[in-house]
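# Structure assessment
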Amino acid sequence: MAAIINELGVRLDKPLPDPKTVRKAVKEGVTPRSGEKIKEVLESIATPEMYEYLTSSYLAPWMETSFSNNGLAWLCMIKGEHLRLFETDHPETFTEKFLKRRAEQERGLLETAREIQKQGATESAIEELWWKTLSPFLRETTLVGDSHIDTGLQAAADFKSSTGQSRGKKAGLLLGLYARIRIDFYYHLLCNASLDIIQSCKEDDTLDNHYGLWLVENSFVGDMVPSFDGEAMTLPFERLLDAWRGRITRDGSKLPWVEVADRLPNPYGLDAHQSRAPHQTVEERKEDIRRNKKSRLREWRNGTRPTAEQLQQFVRNLIPEDENVPMALTRAEIAATWGAFILDEWKTFEACGLNDALRQTLPAFERFPVYWAGYKAQAAQILAA
């Protein structure tokens, strides 16, 4: 939400507080003065349809509960995108239906938590009821393995009474469960987005038979799923580039990484002929540019997110003209965002000194095919319609 608000401020040329203040507003709250600046940006783009949605009876339970409700933030964001992209009477997308379902599940869980607290039992009794509530909830609403749910919730229940190494181990088990729950949400989200893309391409008649069958089998993101070999994680952006470089050449060989790097835009918009240092030859300057591009590509492959402008130019340079460049750019943006999510989770484990737990959790990022398996039949129906 904070990123969207900051982007709106830039596009609309509206004065906003520092981006960190906007993030704080979303998570914690800020001074009335800062809040008013943010509110002005949101009010300047909210349509009558959006106001109607925000005041609807459907959102009332969320509004009455808390403005910091995670589900409420997603519901408002996805509705805003719907109103931007479609006519008012356009049916809900698969992604919207999924987010509504998850938000309703979240609200139901929070209401159950309040009921448990009202029972007036001891703190330990309340916690025990809470863990007993969470266990079936997670089993019914996620694809997180039962063993991870059991060990994670048991670790949470025992955490306060643990000390030393035992406390660290339980913290790792609990953090591992948290990470798997977040992975579950985003992987279901990617599956539903894939259904929407297949539906859109089908309606626009832009799917040839081969690519349509590939999408059904693999999803829109099937060639960028991260992989972990027990030592290193290959992030989605590198997986996607590796798939692309195998499709660009006409003879079936893979485009060498050095040639992939050559497709990056020149550093800072400079070129060998106009930006040479004193006494530097054109060839020397070209070599500097080549080294800069190789270094930047290495950073992107390792998780550094490209700027929007650099990524757009790179995709245009890399993808053949007869391919769908906007769709390719969307795939690249998803891959970069997916990698950032993985690295954020990674940093949390490292910040807590839970490296063993991190190694045990990393294979969970490879499980996207498990999620897509539950959507293949639906994707095939869309393609066949």
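All residue numbers refer to positions counted from 1 along the written sequence of the respective chain. Restriction of local features to residues with pLDDT of at least 70 applies here, the model being predicted, together with a cutoff of 80 or more for giving and counting side-chain atom pairs; totals for whole chains, interfaces and linings are based on all residues. With hydrogens and water set aside, each side-chain value is computed from the structure's full complement of heavy atoms.

## Describing the overall build of the protein
Put simply, DSSP H or I for four residues or longer makes a helix, DSSP E for two residues or longer makes a strand, and each gets a number counted from the N terminus. Scanning the protein for helices and strands turns up 19 helices and 2 strands. For the C-alpha atoms alone, the extent of the protein along its principal axes is close to 80 × 55 × 55 Å. Exposed residues in this analysis have more than 50% of their type's maximum accessible area, buried residues have under 20%, and partly exposed residues fall in between, with area computed by a 1.4 Å probe over protein chains only. The burial tally for the protein puts 36% of its 385 residues in the buried class. Just so you have it, the protein exposes about 22,300 Å², and 52% of that area is on carbon and sulfur atoms. The charge count treats Lys and Arg as positive and Asp and Glu as negative. His and the chain ends do not count. We put the charge of a Lys on NZ, of an Arg on CZ, of an Asp on CG and of a Glu on CD. One finds the centroid of the 50 positive side-chain charges in the protein at a distance of 4 Å from the centroid of its 57 negative side-chain charges. The accessible surface values rely on the Shrake-Rupley method and a 1.4 Å probe; as for residues, cover is taken only from the protein chains in view.

## Section: the side chain of Asp223
Along the chain, Asp223 falls in the loop between helix H11 (209–218) and strand S1 (227–228). The exposure class assigned to Asp223 is buried, which follows from its relative accessible area of 9%. Between N or O atoms, a polar contact is any pair within 3.5 Å; within protein, one atom must be a potential hydrogen donor and the other a potential acceptor, and residues adjacent in sequence are included only when both atoms are from side chains. Polar contacts involving the side chain of Asp223 include one to the side chain of Arg247, which spans 3.5 Å. Reaching out from Asp223, the side chain makes a polar contact with the side chain of Arg331 at a distance of 2.5 Å. What Asp223 contacts, discounting residues up to four positions off in sequence, is Trp214, Arg239, Leu240, Ala243, Arg247 and Arg331. Should any heavy atoms of two residues lie within 4.5 Å, those residues are considered in contact.

## With respect to the environment of Thr249
Here Thr249 is to be found in the loop between helix H12 (236–248) and helix H13 (257–262). Expressed as a C-alpha distance, the spacing of Thr249 and Asn6, which sit 243 residues apart in the sequence, is 40 Å. Aside from chain neighbours lying at most four places away, what touches Thr249 is Lys254 and Leu255.

## Digging into the pattern of salt bridges
Counted as salt bridges are all cases of a side-chain nitrogen of Lys or Arg within 4 Å of a carboxyl oxygen of Asp or Glu. Under the criterion given, the structure shown has 22 salt bridges. Linking Lys39 and Glu43 is a salt bridge whose minimum nitrogen-to-oxygen distance equals 3.9 Å. One end of the pair is Lys39 and the other is Glu43, both in helix H3 (residues 32–45) and 4 residues apart, which spans about a single turn. In this structure, Arg139 and Asp150 form a salt bridge, with 2.7 Å as the shortest nitrogen-oxygen distance. Of the two residues, Arg139 sits in helix H8 (residues 123–141) while Asp150 sits in helix H9 (residues 146–158), which places them 11 residues apart along the sequence. What makes Asp150 partly exposed here is its relative accessible area of 38%. Here the residues in one salt-bridge network are Glu287, Asp288, Arg290 and Arg291, joined through shared partners.

## Looking at unusual backbone geometry
A positive phi angle is found at Asp205, which is not glycine, with a value near 60 degrees. Mapped onto the elements of the fold, Asp205 is located in the loop between helix H10 (164–204) and H11. Since its relative accessible area comes to 68%, Asp205 is described here as exposed. Even without a glycine there, the phi angle at Ser219 is positive, about 80 degrees. For Ser219, the position within the fold is in the loop between H11 and S1.

## Remarks on the environment of Trp62
Within the secondary structure, Trp62 sits in helix H5 (residues 60–65). Using a relative accessible area of 0% as the deciding quantity, one classes Trp62 as buried.

## A word on the nonpolar core
Counting 60 residues, the largest nonpolar core has Phe237, Phe314, Trp338 and Phe368 as its most contacted members. With 10 residues, H10 is the largest single contributor of residues to this core. Setting aside chain neighbours within four positions, we find Trp338 in contact with Tyr187, Leu190, Val221, Met224, Val225, Pro226, Pro236 and Phe368. Remark: nonpolar core denotes a set of buried residues (Ala, Val, Leu, Ile, Met, Phe, Trp, Tyr, Cys) joined through side-chain atoms within 4.5 Å.

## Topic: the confidence of the model for the protein
Close inspection of predicted coordinates is inappropriate in any region flagged by low pLDDT. With 96% of its residues at a pLDDT of 70 or more, the protein has an overall mean of 89. Residue-level confidence of the predictor is what pLDDT reports, using numbers from 0 through 100. Within the protein, H5 has the poorest average pLDDT of any element, 80, and helix H18 (residues 368–373) the best, 98.

## Quick notes on the packing of H8 against H9
Packing of H8 against H9 brings their axes to within 10 Å, and their N-to-C directions diverge by 160 degrees. Here H8 lies roughly antiparallel to H9, going by the angle between them. Like other packed secondary-structure pairs, H8 and H9 cross with a definite hand, here right-handed. Facing Trp131, Leu134, Ser135, Leu138 and Arg139 of H8, the residues of H9 in contact are Asp146, Ile149, Asp150, Leu153, Ala156 and Ala157. Here an angle of 0 to 180 degrees is reported between the N-to-C directions of two axes, which are lines fitted to C-alpha atoms, with helices fitted over the stretch in contact. Throughout, the term roughly parallel applies to angles under 35 degrees, roughly antiparallel to angles over 145, roughly perpendicular to angles from 65 to 115, and oblique to all others. Less than a right angle of anticlockwise turn of the near helix away from the far helix marks a crossing as left-handed, whereas a clockwise turn marks it as right-handed.

## What about the side chain of Asp196?
Structurally, the position occupied by Asp196 is in helix H10. Within the buried core, Asp196 has no salt-bridge partner, and the shortest N-O distance to an opposite charge, that of Lys97, equals 8.0 Å. Of the polar contacts made by the side chain of Asp196, one reaches the side chain of Thr95; its length is 2.6 Å. Every residue in contact with Asp196, bar those within four places of it in the chain, is listed here: Thr93, Phe94 and Thr95.

## A closer look at the packing of aromatic side chains
Note on ring pairs: Phe, Tyr and Trp rings are taken, using the six-membered ring of Trp, and paired if centres are within 6.5 Å. Classes follow the plane angle, with under 30 degrees stacked, over 60 edge-to-face and the rest tilted. Counted according to the given criterion, the structure contains 15 aromatic pairs. Taking the centre distance of 6.5 Å and the plane angle of 65 degrees together, the rings of Trp74 and Tyr186 count as edge-to-face. With Trp74 in helix H6 (residues 70–85) and Tyr186 in helix H10, this pair connects stretches of sequence that are 112 residues apart. Between Tyr187 and Phe368, the ring centres sit 5.7 Å apart and the planes meet at 80 degrees, which makes this aromatic pair edge-to-face. Of the two residues, Tyr187 is situated in helix H10 and Phe368 in helix H18; the sequence distance between them amounts to 181 residues. Take Tyr187 and Phe368: they sit in the same class, and that class is buried. Among the aromatic residues, those joined into a ring-pair cluster are Trp74, Phe98, Phe185, Tyr186, Phe341 and Phe365. Note on criteria: charge over ring means Lys NZ or Arg CZ within 6 Å of the ring centre, with the direction from the centre no more than 35 degrees off the ring normal. Sitting over the ring of Tyr58, Lys100 keeps its end group 4.7 Å from the ring centre.

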